[in-house]
Amino acid sequence: MLGDFFFDLLNTFLHYLPLTAGAFISILLLRYPDLTIEASWNLGAICACIASAFVSSLLAPLAGILVGAACGVLTSLIFMATGRAKLLSALVSYYILEAVGFHMLGDRASEYLDHASTGFGFPENPMAGFWIYLICGLIILFVCILFLKSPSGIKIRLIGENPSAAHFFQFSLNAHFSKGLIVSNAIVGFGGGLWGCFYGHASNLQGIGLVIKAFLSLLIGDELLRAFKLTNRSVIGAALLGTAVFVVLTQGSEFLQAILSAKVDHPWYRPTDKQVVVSIFLMALIMFRRKGMIRGGTVSEW
């Protein structure tokens, strides 16, 4: 039972890593409340499920990259059209893309694959899906690191930390902001495509739950790294650490509830209480840190 629990932890971590890695660029670097990542994930999953009818389930997730990048383009255009109003552009683009998702699904609430196409085409071999997810996760991290070290990535970080620097160094704020949103949502769309082809299911009815998960994971990771004085600025490690802590808290809560259910007829603790556990952890992390330990923390900006 304990071995299965740790395997589920690792699996869940790999499933959510593309979400937090992509959101890291828009949320932590650009300081943009990117609600579009929710739509990019959903549309990536829907497109991948549809594409799997024409190509292998191993290749279908690539459709998520294209649709995610398109979502980033739309968001950046709305961002510029609204005079760089961050929250307004995020809300408008989210609702537009949500409507697109419903049109793609037609009269169906969800898109389903046949059993033979689930698990990337290996429905009876869960380890095959695990290794594919692991390889894709490593590729995503490699791409993120390369992008962040590129001239464009450095400028995007500079824009997030100090928007006026774009005028001082004479480079286009709109162009680099758009690059960040496009890359961010392309990664998230790829994650949605992987999710859809692994589970054989895609839906457009998740609300903004994924955005909240990404937000909490990134803030937790960023705060922990700063609290232990491992960095004084946002780094990709925040996505890794935050996702790991988030998964341990949520999966651990479910594991605890299963143990209580076996011993108590009506346990007061329910599986849905895991959201409360994560929220309390983040609040405690912020409230009990030593003064002056964290300089320029992202949490304070939100």
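For the structure, see preceding data.
Residues numbered from 1 in each chain as written. Predicted model: local features only at pLDDT ≥ 70, side-chain atom pairs only at ≥ 80, totals over all residues. Heavy atoms only, no water.

1. Comments concerning the environment of Ala21
Moving on, step 1. Along the polypeptide, Ala21 turns up in helix H1 (residues 2-29).
Moving on, step 2. Put simply, Ala21 and Leu141 are 120 residues apart on the chain and 7.3 Å apart in space, counted from C-alpha to C-alpha.
Moving on, step 3. With near-sequence residues (within four places) excluded, Ala21 lies in contact with Ile140, Cys144, Ile236 and Ala239. (Helix = DSSP H or I, 4+ residues; strand = E, 2+ residues; numbered from the N terminus. Contact = heavy atoms within 4.5 Å.)

2. What about helix H3 (residues 62-81)?
Moving on, step 1. Its 20 residues place the ends of H3 29 Å apart at the C-alpha level, agreeing with the 28 Å of an ideal helix rising 1.5 Å per residue.
Moving on, step 2. Among all positions of H3, only Gly64, Val67, Gly68, Ala69, Cys71, Gly72, Thr75, Ser76, Ile78 and Phe79 are buried.
Moving on, step 3. Along its buried surface, H3 packs onto helix H2 (36-51), helix H4 (86-105) and helix H8 (173-199).
Moving on, step 4. After H3 finishes, the residue Gly83 shows a positive phi value of roughly 70°. (Expected span 1.5 Å × (residues − 1). Buried < 20%, exposed > 50% of the residue type's maximum accessible area, 1.4 Å probe, protein only.)

3. Thoughts on the nonpolar core
Moving on, step 1. Counting 66 residues, the largest nonpolar core has Leu19, Phe24, Ile37 and Phe177 as the members making the most contacts within it.
Moving on, step 2. By residue number, the principal contributor to this core is H1, which donates 14 residues.
Moving on, step 3. Once you skip the residues sitting within four places of it in the chain, Phe177 turns out to touch Leu30, Tyr32, Phe79, Lys86 and Ile159.
Moving on, step 4. Within the second largest apolar cluster, 12 residues are counted, among which are Ala45, Ile46, Cys47 and Ala202. (Core = buried A, V, L, I, M, F, W, Y, C linked by side-chain atoms within 4.5 Å.)

4. Topic: the packing of H2 against H4
Moving on, step 1. Axis separation between H2 and H4 bottoms out at 9 Å; the angle between their running directions is 20°. Taken as axis vectors, H2 and H4 run roughly parallel relative to one another. As H2 packs across H4, the resulting crossing turns out to be left-handed. Within the contact between the two elements, H2 uses Thr36, Glu38, Ala39, Leu43, Ile46, Cys47 and Ile50 and H4 uses Ser93, Tyr94, Leu97, Val100, Gly101, Met104 and Leu105.
Moving on, step 2. Residues belonging to the contact of H2 with H4 are distributed by class as follows: 10 nonpolar, 3 polar and 1 charged. (Axes fitted to C-alpha atoms, helices over the stretch in contact; angles between N-to-C directions. Parallel < 35°, antiparallel > 145°, perpendicular 65-115°, else oblique. Left-handed = near helix turned anticlockwise from the far one by under 90°. Nonpolar A, V, L, I, M, F, W, Y, C, P; charged D, E, K, R; others polar.)

None of this, on its own, says anything about what the molecule does.
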